Amino acid sequence: MTGAIRTAFDAVTRHNVLVLVLMLLVTAGVAAGTAQLQLGEGESPSGSDSEVAQKMEYVQHNFGNRTGATESARKPAAVYVRSEGNALSKSALLDSLRYQRAVRDNESVAAALGDRRVLGVANLVATRAAGTPDPTLEQQIAALERASESEVEQLVGRTLTPGSPALRLLPETYEPGTTTAESHRMVFPFADTDGRTAATAALYETASERESPEYFTRGEHARDERQSTYLLNTMELVVPAALLVILAVLGFSYRDFVDVAVGFAGVVLSVLWMFGILGWLRIPAGVSIIIGPVLIVGLSVDYGLHVFMRYREQRGEAENVREPMARGLSSVSVALGLVTLTAMLGFMSNATSELTTIRQLAIAITLGVLSTLVVSLTIVPSLKVTVDRLLERAGLDRHTRPLGKTGLLQPMLKGGASLARRGAPVVLVVALVAGSAGAVAWTDLDRQSIQQQQGEIDDWKQDLPGPIGWDVSEASEHRSYVADHYRAADEDRRSRSSVLVEGTVTDPAALESVQAVHGAARESDIVFQRGDAVAVTSPLTVMEDVAASDETFRKRLREADTDGDGLPDRNLEAVYDALYATAPDRASRVLDREDGEYRSLRVIVPVQSDATTSERAAGMRSIAAAGGGDEAVSTTAVGSGILQQVQLSETADSILETLVVALVAVSVLLIVVYRLIAGSASLGAVTALPISLVAALVIGGMWVFDVPLTLLTALLLSLVIGVGVDYNIHVSDRFLQERERGRTVHDALVAATTGTGGALLGSTLTSAGAFSALLLHPNPQFEHFGTLVILAMVTSFIVAVFVLPSLLLLWTRYVRPSTTGAGSGVNHSVRADD
């Protein structure tokens with residue numbers, strides 16, 4: 001093995017130009033795969049087998065779909081009209097009708113709309129003005145044109161009375177009965193077909209052309225604009241700051257402009273390889289489009305620093321470039337290979353996740369790690385040799401001291417070896433106490449399924465000069481405005497949750513439970529309200545509405561109410577049958593009937609659109625609990641927020657299992673590899689042991705800095721092992737090399753903590769500095785992502801340089817008193833400077 005490794009790296013350094021050309025050609029071929037990169041998320045995250053998931057599936061399949069109702073075949077699209085003056089004035093209402101006429105001329109809109117009418121305030125007011133029950137759009141426009149300003153004002157007041165369904169077309173701030181409003185909306189009841197996308201595009205484009213009043217939509221096209229602006233803002237705000245920090249720290253670490261350029265080239269090529277491989281293998285990039293590059297950048301910087309610093313240590317004053325580079329690569333390659341294997345193993349431990357996006361991210365980063373190793377051991381050293389030889393021929397001196405050997409840093413880095421010599425047991429006890437405290441913090445971490453944007457974007461981020469400043473797009477402003485002032489135009493799950501009532505639903509207690517849910521909803525902060533009215537839909541509200549328009553059903557309902565409280569208390573099955581006979585579509589939304597048997601009831605609760613998923617879940621559980629006091633029926637809160645909370649809980653539980661599995665797998669791998677290459681299985685165990693401490697300290701740091709446990713941070717927490725083991729391997733491998741050269745334990749520890757520790761310090765500063773740029777991002781999820789990675793990098797460095805030396809000293813003293821001449825399978829009989 002020794003001969004093969006040395007021969008390979010001799011070839012890389014002696015034939016550096018040929019290797020560089022060949023690898024750049026390979027890079028071009030790999031990079032061509034980026035053209036086929038799929039940026040989608042792949043499959044949606046799989047649901048769980050929890051009770052909530054089963055109930056939600058039951059609701060989706062058994063309510064509203066029994067009669068072939070047309071609701072499921074329609075997907076409304078809303079157009080919002082906002083005016084600086086009065087959006088209910090004659091001119092504003094006329095303009096809305098003319099907008100409808102303009103978009104109706106579009107073939108896609110006409111096909112998706114069919115013979116259905118647009119629902120808008122202008123249409124309702126114009127219908128009253130026309131004096132006919134069903135006027136055409138042209139007749140509506142003509143009627144409003146004939147009416148005077150005062151007549152239109154009177155018509156608006158009579159149309160928008162308290163309790164009118166038309167109030168759903170107005171913002172929450174509108175006072176029923178008044179004739180002024182800042183905005184209103186029109187709802188286009190499009191068919192949910194393939195042509196709907198083209199129809200909504202026409203609405204979006206036509207709305208974008210109008211300025212006074214302002215028209216806008218919130219569909220997929222507005223979302224695309226918002227996401228495009230968001231991504232551009234992220235790139236312009238975060239990337240320049242990250243690059244500036246990386247270049248500054250690389251300048252500090254390398255203290256050489258040429259080495260900074262060569263090292264940075266390796267970073268770029270490593271990321272390019274990762275995405276190229278993903279493209280060729282047709283693996284969707286998904287969330288790895290953001291997470292993958294930043295992790296690979298950190299690892300690539302780390303690899304490059306180790307290659308460069310070991311080369312600097314190996315090169316004598318009178319030596320040329322090639323020989324010390326070959327020796328340096330030979331001595332560091334085993335550690336880099338182990339780091340790659342263990343990092344890949346740590347990342348791939350997430351391939352067993354139930355969430356498809358997490359599995360894809362694990363594969364993407366694993367491939368990126370492998371790409372980084374190839375680039376760092378071929379392209380980077382061959383480019384370094386080529387450039388240095390050219391510069392030295394030009395008369396420039398290319399000798400530079402390693403970072404850890406400089407006067408300012410060497411005393412600090414020697415601290416780990418000094419602590420080990422003076423009191424290794426004390427160091428380990430302190431580390432154990434700190435790790436235990438961090439592990440205990442796990443149970444107290446804030447758990448959120450998806451962390452949402454909180455608050456406004458700081459003014460200073462928007463006021464930064466040029467393209468760097470955060471530009472809040474019009475689509476984002478429109479989204480916030482609608483979220484703050486309107487309920488969703490359709491009946492989707494995102495804006496509504498349900499309470500499922502099961503059991504003997506023909507028992508009067510079932511409707512009493514429904515009534516209790518109504519009462520709890522009125523008192524809940526997460527329920528959407530307009531004034532004192534809460535638009536809950538349930539068997540009670542449907543019965544009341546149907547009774548108001550159908551005399552036969554009204555009589556049946558009165559007969560079933562023996563005490564006159566408005567709640568039927570006998571013959572409920574006959575009442576339900578009558579409701580189905582009178583209004584089957586509406587009944588099927590709140591009653592589940594199969595083979596004539598009533599199995600469950602449903603209460604539909606509108607929720608505040610700005611409520612977080614955790615708030616929504618807690619609020620709906622509280623509402624459902626209010627109706628669960630009778631033994632005859634049970635109540636269950638069902639909704640996307642509740643399901644996400646359950647999935648997060650399952651993920652949080654499984655992440656512990658993933659951590660344990662990854663730790664065991666990495667430990668076994670290190671034990672086997674160190675037994676084969678160093679003759680000591682116990683050294684592998686000692687190297688793996690501090691990873692548990694790193695994970696515990698990171699958890700404690702999450703608690704200190706209020707980093708919540710989300711699906712993203714839970715994933716990154718499992719990747720701590722892949723990052724943390726890197727530093728430990730480098731220190732252990734260097735310690736073993738120095739012992740094999742005949743150095744004392746203390747001198748070997750000093751060489752490891754200053755020589756290799758200097759490279760680790762540069763890697764830590766670079767990676768932590770790059771990720772600190774994410775703290776500028778206005779989204780808390782990005783901020784906490786950066787915080788978590790910084791914690792992982794810093795704690796890994798501290799443990800490797802200041803705790804691991806004590807473990808190595810005790811291992812040498814009690815397990816392996818003599819390691820000199822143990823033979824690692826790699827020729828380490830090379831020159832090393834103090």
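Notes on the structure follow. (Residues numbered from 1 in each chain as written. Predicted model: local features only at pLDDT ≥ 70, side-chain atom pairs only at ≥ 80, totals over all residues. Heavy atoms only, no water.)

## Remarks on unusual backbone geometry
Note the cis peptide between Ser212 and Pro213, where omega equals 0°. Here Pro213 shows up in the loop between α9 (196-208) and β4 (214-217). Although it is not a glycine, Asn571 sits at a positive phi angle of roughly 50°. Within the secondary structure, Asn571 is located in the loop between α22 (551-560) and α23 (572-582). A positive phi angle is found at Asp595, which is not glycine, with a value near 55°. (Helix = DSSP H or I, 4+ residues; strand = E, 2+ residues; numbered from the N terminus.)

## Looking at the sheet that holds strand β7 (residues 597-606)
The strand order across the open sheet built from four strands is β6-β7-β5-β8, with neighbouring strands paired in antiparallel fashion. A strand with exactly one partner marks an edge of an open sheet, and here the two such strands are β6 (591-594) and β8 (633-638). Each strand of the sheet is rotated relative to its neighbour by a mean of 25°, with strand direction disregarded. In terms of strand pairing, strand β5 (residues 496-503) meets β7 through seven bridges, oriented antiparallel. Pairing of Glu502 across the sheet is with Ser600, part of β7. (Pairing = 2+ DSSP bridges. Axes fitted to C-alpha atoms, helices over the stretch in contact; angles between N-to-C directions.)

## Overview of helix α17 (residues 415-440)
Here α17 is 26 residues long, yet its end C-alpha atoms lie only 29 Å apart, well below the 38 Å a rise of 1.5 Å per residue gives. The sharpest bend along α17 measures roughly 110° and falls at Gly423, with the proline Pro425 sitting one to four residues further on. Every buried residue of α17 is accounted for by Gly415, Gly416, Ala417, Ser418, Ala420, Gly423, Ala424, Val427, Ala431, Gly435 and Gly438. Lining the buried residues of α17 we find α16 (410-413), α27 (681-704), α30 (745-772) and α31 (780-815). (Expected span 1.5 Å × (residues − 1). Bend = angle between axes of the 7 residues up to and from the residue. Buried < 20%, exposed > 50% of the residue type's maximum accessible area, 1.4 Å probe, protein only. Contact = heavy atoms within 4.5 Å.)

## A look at the packing of aromatic side chains
Enumeration according to the criterion identifies eight aromatic pairs in this entry. Residues Tyr58 and Phe63 carry aromatic rings whose centres are separated by 6.3 Å and whose planes lie at 80° to one another, so their mutual orientation is edge-to-face. As far as burial versus exposure is concerned, Tyr58 and Phe63 are alike and both buried. Relative to Phe190, the ring of Phe188 has its centre 5.8 Å away and its plane inclined at 40°; by these criteria the two rings are tilted. Assigned by exposure class, Phe188 and Phe190 land together as buried. One aromatic cluster in this structure is built from Tyr576, Tyr580 and Tyr598. Over the face of the ring belonging to Tyr215 we find Arg210, whose NZ or CZ atom lies 5.5 Å from the ring centre. (Phe/Tyr/Trp six-rings, centres within 6.5 Å; stacked < 30°, edge-to-face > 60°. Lys NZ or Arg CZ within 6 Å of the ring centre and 35° of its normal.)

## Quick word on the pattern of salt bridges
In total, this model carries 27 salt bridges according to the counting rule given. Between Glu323 and Arg14 there is a salt bridge, with its nearest N and O atoms 3.7 Å apart. Here Arg14 lies in helix α1 (residues 2-14) and Glu323 lies in helix α13 (residues 322-348), a separation of 309 residues in the sequence. Here Glu323 falls in the partly exposed class, since its relative accessible area comes to 27%. The salt bridge involving Glu319 is made with Arg327; its shortest N-O contact spans 2.9 Å. Via salt bridges that share partners, Asp256, Asp259, Arg312, Lys384, Asp388 and Arg398 belong to a single interconnected network. (Salt bridge = Lys/Arg side-chain N within 4 Å of Asp/Glu carboxyl O.)

## Some details on the pairing of strand β3 (residues 183-188)
Taking burial as the measure, the six residues of β3 include six buried ones, the bulk of the element. On β3, burial covers both faces: Ser183, Arg185 and Val187 on one face and His184, Met186 and Phe188 on the other are all buried. Examined bridge by bridge, strand β1 (residues 77-82) and β3 share six bridges and lie antiparallel to one another. Residue pairing in the sheet places Val81 in a bridge with His184 of β3. Strand direction decides the pairing type here: strand β2 (residues 119-120) and β3, joined by two bridges, are antiparallel. When the sheet's bridge partners are listed, Leu119 is paired in β3 with Val187.

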